[in-house]
Amino acid sequence: LEEFRSLRIWDGHLHLTTPGNTPEERLGRLIELADNMGIERLVIARGVPPYPRAPDPTEMRQQNDDLLRAVRRYPERALGTVYLNPHHLQASLDELNRCVRDGPCIGVKLWVAAKVNIANMDPIAARARELKAVIFQHTWVRTGESDGPGATLPEDLADIATRHPDTSFVSMHSGGDWEVGIRVLRPFANIALEISGSTPAAGFVEMAVREVGAERVTYGTDTSGRSMSTQLAKVMGAEISRADKFLIFGENLRRLLRPILQEKGMKE
């Protein structure tokens, strides 16, 4: 446990899917689990389930209200991301301002409502950059099935990142089929590759480090879609240096978030 703590682990991808009657209770349970694993900080995506795949403005606000309640209860342990649906552009910009500019959120969470490179994303990406917020985009390549018409593929994320080179993006799951995602996203310096949400297969972390450098790889578990222990094992068991593990487990995410944390006067 002390070794884990010394690595200063920041989990960049969790959901309030743990038991509890309130958002605060659910986050409290996540923090208990994190304490057992020596995890220092949690980045929360969305509120209490069920999660609408294409939330309307009312659903967006409800999800973000849940999240705000939770992270305000544990400001030293948890950070929040605002959940948006780019098809509702003005509502998304309003939520971005409410939760990031005027609230504690440090990033944007995008799932499968719309491909990240649709035209409506341009003002959202530009506003995120102005606010120093990081955009966390679910990217997932499926074999033989689809995540739906709004699902973002690695090449879609590459497209928007090219249009907004000064905005920081995180490819959640590194595309799911990580051998594909890593290769597609390799040229784009403003996209970090997140290693959450897949089985701890040998070679994933090593390939990411080899292809893009350890400085562009970030850690997340996708709890409770995946367990904290299996996702820790993915990095701890990787054949990379301890220095690289330190970068992946937390330092890279801290570097990405440092501008907005400093802007908000929040502890790193």
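Coordinates for the structure precede this section.
Everything numeric here is computed off the predicted structure, so don't read it as measured data. (Residues numbered from 1 in each chain as written. Predicted model: local features only at pLDDT ≥ 70, side-chain atom pairs only at ≥ 80, totals over all residues. Heavy atoms only, no water.)

Q: Any details on helix α6 (residues 154-163)? Residues and values, ideally.
A: Of the residues making up α6, those classed as buried are Pro154, Asp156, Leu157, Ala158, Ile160 and Ala161. The inward-facing, buried residues of α6 abut α5 (121-131), β5 (134-140), β6 (169-175), α7 (178-185) and β7 (191-194). (Buried < 20%, exposed > 50% of the residue type's maximum accessible area, 1.4 Å probe, protein only. Helix = DSSP H or I, 4+ residues; strand = E, 2+ residues; numbered from the N terminus. Contact = heavy atoms within 4.5 Å.)

Q: Could you give an account of the nonpolar core, with specific residues and numbers?
A: Generally speaking, a soluble globular protein has its nonpolar side chains buried in company with each other. Membership of the largest hydrophobic core comes to 83 residues, with the highest contact counts inside it found for Leu27, Leu42, Ile44, Ile248 and Leu257. Of all the elements, helix α10 (residues 242-264) adds the most residues to this core, at eight residues. The residues contacting Ile44, other than those within four sequence positions of it, are Leu14, Leu16, Leu27, Leu30, Leu67, Val71, Ala78, Leu79, Gly80 and Thr81. (Core = buried A, V, L, I, M, F, W, Y, C linked by side-chain atoms within 4.5 Å.)

Q: Describe the environment of Ala128, listing the residues and the values that go with them.
A: Mapped onto the elements, Ala128 comes out in helix α5. For Ala128 and Thr167, which are 39 residues apart along the polypeptide, the C-alpha to C-alpha distance reads 7.2 Å. The residues contacting Ala128, other than those within four sequence positions of it, are Leu96, Ala133 and Ile135.

Q: Break down the pairing of β6 for me, citing the residues and quoting the values.
A: The buried fraction of β6 is high, at seven of seven residues. For β5 and β6, the ladder comprises five bridges, and the chain directions are parallel. Along β6, the bridge assignment pairs His138 with Met172. Read as a crossover between parallel neighbours, the route from β6 over α7 to β7 is right-handed. (Pairing = 2+ DSSP bridges. Right-handed = clockwise from strand over helix to strand, strands pointing away.)

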